[in-house]
Amino acid sequence: MDLGYTPAEEEFREGLRRWLAATLPTLPPRPSPDDWPARRAYDLGWQRRLYDAGYAGLHWPRDAGGRGATPTQHLIFLEETERAGAPYVGANFVGLLHAGPTIAAEGTPEQRARWLPPVLRGEEVWCQGFSEPGAGSDLAALRTRAERDGNHYVVSGSKIWTSHAEVADWCELLVRTRPIGPDASKHAGISWLALPMDTPGITVRPLRTLAGSTEFAEMFLDEVRVPVANRVGAQDDGWRVTMVTLSFERGTAFVGEVVACRRTLTALARAARANGRWDDPGLRRRLGRLHGEFLALWRLTQWNVSEAQRTGGVPGVGGSVFKLRYSQARQELYDTAAEVLGAADALDLDHEWVRDRLSSLSYTIAAGTSQIQRDIVAERLLGLPKGR
């Protein structure tokens, strides 16, 4: 694979840089991290600016409302927006990175027309209703049930770690439309639904994380009626559709964060020089090795995105390879940040690096645990037999 850039791609980069330089100074102040309604408004406002400038859904297919950009243009966009300190997708990440691409790949023309444009225009927010108290890493063990009643499903159960549920308009929801039988696979009988969050019977309770944030919530569903027309894919075929969603979550959703981690590394080296810790050769070696780690992850990202484009737009097993190593590298990065900060400052929750260090602890769990990723790599990439 050619890892260089063509003149056309460099022209795209320069145009993007000019737009960012003109646009970022006009943004309003960022809201408080704890004010989720204000953060929703801020994030959707940024999304609308991207849409008006032609950068929304850059890599989405044109028939899904995107620009149909090449994988390389998409990576240039992520690289330049991170380097410029532009806002992240924020509260809109499930719609833009998970639900939207899944609907683009698996939805009917009517579903694509209804749900994709509002995501791209910054009008609607999605949350993810996958994990349950007894079905996290073993997602196929979910028990939230959906019983068919005419043109609706009647859904009862509970979800946990539902990202941005308190400010979401829609939820990508996994339900069991067929009970787990004694001889049937637990992966059978699952369906993928789009749930309107203003439907009667939904209760949302925010969860406070170790870092003090509340971007996750518990969600309880008590005989919630969801139109059958909101099912993406066939009934009982939701596990296959879910694998499409998770491939996007593991394969491309963390791409921008690799660039952010490389920027953090530069800041760490600068801070170490300023406070005298740069004199420690062991610290310098760790920073150098991490630099190599994140450069390799960026190259792997380029390969994964190119491979996804070649095979129809859905990331493959390479996403699990990336997720597995990125999760560990991110934790190592912020462990090193704590060393640079020193014992006192490493406990200051108001420091951005400290909050990021606490957040990094979740990355070996979120979007599939590292154990799950190892199983996927072993079975689907290396061809090893399934574990008992």
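Since we're looking at a predicted model, the values are computed, not measured.

Asks: Even after reading the chapter, I still don't get the overall build of the protein chain, so can you show me in this structure?
Replies: Along its length, the protein chain carries 11 helices and eight strands. Burial analysis of the protein chain (388 residues in total) assigns 51% to the buried set. The long-range fraction of contacts in the protein chain, counting pairs at least 24 apart against all pairs at least 6 apart in sequence, stands at 73%. A total accessible area of about 18100 Å² is found for the protein chain, and carbon and sulfur atoms account for 52% of it.

Asks: What should I look at first to understand the environment of Glu172 in this one?
Replies: Assignment of secondary structure puts Glu172 in strand β4 (residues 170-176). Residue Glu172 is classed as buried on the basis of its relative accessible area of 0%. In this structure the C-alpha to C-alpha distance between Glu172 and Pro196, which are 24 residues apart in sequence, comes to 9.3 Å.

Asks: When you look at the packing of helix α4 (residues 93-106) against helix α5 (residues 109-121) in this model, what are you seeing that I'm missing?
Replies: Think of two packed helices as two axes; the pair is described by the angle between the axes and how far apart they sit. With their axes 10 Å apart at the nearest point, α4 and α5 run at an angle of 155° to one another. It follows that α4 is roughly antiparallel to α5 by the angle criterion. As α4 packs across α5, the resulting crossing turns out to be left-handed. Where α4 approaches α5, its residues Gly95, Leu96, Gly100, Ile103, Ala104 and Ala105 are matched on the opposing element by Gln111, Arg112, Trp115, Leu116, Val119 and Leu120. Per-class residue counts for the contact of α4 with α5 are eight nonpolar, three polar and one charged.

Asks: Explain α5 here, please?
Replies: Structurally, the α-helix is built with 3.6 residues per turn, so residues lying three or four positions apart point the same way. Taking 1.5 Å of rise per residue, the 13 residues of α5 would be expected to cover 18 Å, and the 18 Å separating its terminal C-alpha atoms lies within 8% of that figure. Residues of α5 that are buried include every one of Gln111, Arg112, Trp115, Leu116, Pro118, Val119 and Leu120, and no others. Looking at the buried side of α5, the elements it contacts are α2 (36-53), α4, β1 (126-129), β4, β5 (190-196) and β8 (231-232).

Asks: Could you clarify how one ought to interpret unusual backbone geometry in this entry?
Replies: What is expected of a backbone is that most residues other than glycine have negative phi and most peptide bonds are trans. Positive phi, normally seen in glycine, also occurs at Trp161, with a value near 60°. With respect to the helices and strands, the residue Trp161 is situated in the loop between β3 (152-159) and β4. For His164, which is not a glycine, the phi torsion comes out positive at approximately 60°. Considering the arrangement of structural elements, one finds His164 in the loop between β3 and β4.

Asks: Even after reading the chapter, I still don't get the pattern of salt bridges, so can you show me in this structure?
Replies: Pairing between side chains becomes possible if they bear opposite charge and their charged atoms approach one another. Counting across every chain of the model gives 25 salt bridges. Asp63 serves as the salt-bridge partner of Arg112, at 2.9 Å between the closest nitrogen and oxygen. Here Asp63 lies in the loop between α2 and α3 (71-83) and Arg112 lies in helix α5, a separation of 49 residues in the sequence. With a relative accessible area of 16%, Arg112 lands in the buried category. Across the pair Glu123 and Arg121 runs a salt bridge, and its minimum N-O distance is 2.8 Å. What makes Glu123 partly exposed here is its relative accessible area of 37%.

Asks: Would you mind going over the side chain of Glu332 with me for this structure?
Replies: Take Glu332: it is sitting in helix α9 (residues 318-341). With residues up to four places along the chain from it excluded, the contact list for Glu332 reads Arg289, Leu290 and Arg325.

Asks: Help me understand the packing of aromatic side chains, please; the structure alone is not making it clear to me.
Replies: Within a pair of aromatic rings, the relevant descriptors are the distance that separates the centres and the angle that separates the planes. This model, assessed by the stated rule, comprises nine aromatic pairs. Between Phe12 and Tyr55, the aromatic rings sit 6.2 Å apart at their centres with planes inclined by 70°, giving edge-to-face as the arrangement. Remark: Tyr55 occurs in the loop between α2 and α3 and Phe12 occurs in helix α1 (residues 7-23); sequence separation between them is 43 residues. A single burial state applies to Phe12 and to Tyr55, both of which are buried. Residues Trp126 and Trp170 carry aromatic rings whose centres are separated by 5.8 Å and whose planes lie at 20° to one another, so their mutual orientation is stacked.

Scoring rules and cut-offs
Residues numbered from 1 in each chain as written. Predicted model: local features only at pLDDT ≥ 70, side-chain atom pairs only at ≥ 80, totals over all residues. Heavy atoms only, no water. Helix = DSSP H or I, 4+ residues; strand = E, 2+ residues; numbered from the N terminus. Buried < 20%, exposed > 50% of the residue type's maximum accessible area, 1.4 Å probe, protein only. Contact = heavy atoms within 4.5 Å. Areas by Shrake-Rupley, 256 points an atom, 1.4 Å probe, with all protein chains shown as cover. Axes fitted to C-alpha atoms, helices over the stretch in contact; angles between N-to-C directions. Parallel < 35°, antiparallel > 145°, perpendicular 65-115°, else oblique. Left-handed = near helix turned anticlockwise from the far one by under 90°. Nonpolar A, V, L, I, M, F, W, Y, C, P; charged D, E, K, R; others polar. Expected span 1.5 Å × (residues − 1). Salt bridge = Lys/Arg side-chain N within 4 Å of Asp/Glu carboxyl O. Phe/Tyr/Trp six-rings, centres within 6.5 Å; stacked < 30°, edge-to-face > 60°.

Just geometry here; none of it tells us what the structure is for.
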